[in-house]
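A structural walkthrough
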Amino acid sequence: AKEPVRVLVTGAAGQIGYALVPLIARGAMLGPDQPVILHMLDIVPAAESLNGVKMELVDAAFPLLKGVLATTDVVEACTGVNIAVMVGGFPRKEGMERKDVMSKNVSIYKSQASALEKHAATNCKVLVVANPANTNALILKEFAPSIPEKNITCLTRLDHNRALGQISERLNIQVSDVRNAIIWGNHSSTQYPDVSHATVTTQDGEKPVHELVADEGWLRGDFITTVQQRGAAIIKARKFSSALSAASSACDHIRDWVLGTPQGTWVSMGVYSDGSYDVPAGLIYSFPVTCVDGEWSIVQGSLLKPETGLCGVRPLGKGWSRTYFAPARETMRGRRTKDR
Ligand code: NAI
């Protein structure tokens, strides 16, 4: 039998956590033959509710679930984990400036980064979901210098999956027949969803999406804004932000990273830029990637990166706050956007 893999979920008492932990316990993240031990972290005010989630996990009698730790102690939570999914954080609230949310998250991610650095298993893979996701991933990276930068990523797979979903709805085809969308940039409304290289499996072979859709206006207009604004549309409809789709996409992200992407398929991941596509090195930026043997690499070649402007984040100067929003064009212009 395989050794269990320890998976940390922070913010596990929240909405996404509640949708995510059963998926992990069912094998949706690491495969149907991989036992798991869940480490769930939340803050003291949520401790009782977190314990309720643990009770439900016990009640669900998941055969793959070999243990559950529910704790408010960050060191205990991080000890020995192989995978860390960072869902907890301080989201931007009505009327909050970007810098306020940044400073809250700097202190949260600083302590979680050092706990991971000191206590996680070697080669622990980290996925940051909590918004602002690119920035939180960068903060974590800065405060955990001994964790290889390749091991710190953020979630843009939800946006990627939303793009596939929109194409499948538009063409009235199975979503599993659509592939190779790209999300460029940040997980925020400044992202650039790009299906100019996406294809559809048809009875007559692989066809480009733009040939089948044959409506450049839609592809360059409503398609892009629908994907960019989907988080807001979900909030409007559900009165809560996306949770089941975020949880499912987080499983997709880790599964493909650990077990590999299918031949000929790329996926979007927010990763530490190596300078590819003229995206400055050190930005946490969403690129098309393929994964083999637990390592992602950015899809290279003749792809053209569209004109999107610079919407990643990186440390530029001494001050964290200035650092974080300086490169984001929308904040330089003073426009405020919501990250969802
Ligand atoms: P939620 O508010 O329901 O849950 C967040 C949980 O985090 C709460 O239980 C809270 O107590 C906990 N928490 C707060 N500070 C913490 C800390 N220092 N340590 C551990 N836990 C802490 O929020 P929800 O809906 O589950 O969303 C979680 C995050 O995911 C939000 O930041 C949201 O904006 C983000 N998100 C990201 C998406 C993406 O595609 N990257 C998509 C959807 C949401």
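Residues numbered from 1 in each chain as written. Predicted model: local features only at pLDDT ≥ 70, side-chain atom pairs only at ≥ 80, totals over all residues.

We now examine the site of the ligand. Close to the ligand lie 29 residues, the nearest being G11, G14, I16, G88 and N131. The dominant element in the shell around the ligand, judged by the number of residues it contributes, is helix α1 (residues 15–26), at three residues. Taken together, the residues of the shell around the ligand break down into 16 nonpolar, eleven polar and two charged. (Near = placed C-beta within 6 Å. Helix = DSSP H or I, 4+ residues; strand = E, 2+ residues; numbered from the N terminus. Nonpolar A, V, L, I, M, F, W, Y, C, P; charged D, E, K, R; others polar.)

Counting 75 residues, the largest nonpolar core has V7, L38, V85, V128 and V129 as the members making the most contacts within it. Beyond its immediate stretch of four places on either side in the chain, V7 contacts I24, M29, V36, L38, H39, V81, I83 and V85. The next biggest cluster of nonpolar side chains, apart from the first, holds 16 residues, and it includes I182, Y192, V195 and V200. (Core = buried A, V, L, I, M, F, W, Y, C linked by C-beta atoms within 7 Å. Buried ≥ 20, exposed ≤ 12 C-beta atoms within 10 Å, placed from the backbone. Contact = placed C-beta atoms within 7 Å.)

A separate point is the sheet that holds strand β7 (residues 178–179). Pairing within the open sheet is antiparallel, and its three strands lie in the order β7-β10-β11. At either end of the open sheet lies a strand with only one pairing partner, and these are β7 and β11 (205–208). Bridge count for β7 against strand β10 (residues 199–202) is two bridges, and the pairing is antiparallel. Bridging across to β10, V178 finds its partner in V200. (Pairing = 2+ DSSP bridges.)

Bringing the UniProt feature "binding site: NAD(+)" (unreviewed entry) in the protein into the picture now. The positions that UniProt labels "binding site: NAD(+)" (unreviewed entry) are, in the present scheme, G11, A12, A13, G14, Q15, I16, G17, D42, N105, V129, A130 and N131. Mapped onto the secondary structure, I16 falls in helix α1. Look at I16 and you get buried, because 25 C-beta atoms sit within 10 Å. Setting aside residues up to four positions removed in sequence, I16 forms contacts with V87, V129, A243, A246 and A247. Looking at the element boundaries, D42 is found in the loop between β2 (36–41) and α2 (47–60). (UniProt positions renumbered as here; feature names shortened; annotations may be inferred.)

Do not read the fine detail of predicted coordinates wherever pLDDT is low. Residues with a pLDDT of 70 or more make up 88% of the protein, whose mean pLDDT is 88. With pLDDT under 50 throughout, residues 308–340 is counted as low confidence; its partners more than four residues away or in other chains account for 71 contacts. Overall fold confidence for the complex sits at a pTM of 0.91, while the interface term, ipTM, reaches 0.99. (pLDDT = per-residue confidence, 0-100.)

For α2, spanning 14 residues, the distance from its first C-alpha to its last is 20 Å, which sits close to the expected 20 Å at 1.5 Å a residue. For α2, the set of buried residues is L50, V53 and L57. All buried residues of α2 lie within an arc of 50° about the axis, which places them on one face of the element. Relative to its buried face, α2 has exposed residues pointing more than 90 degrees away, namely E48, M55, V58 and D59. Contacts from the buried residues of α2 go to α1, β2 and β3 (65–71). (Expected span 1.5 Å × (residues − 1). Arc of directions from axis to C-beta.)

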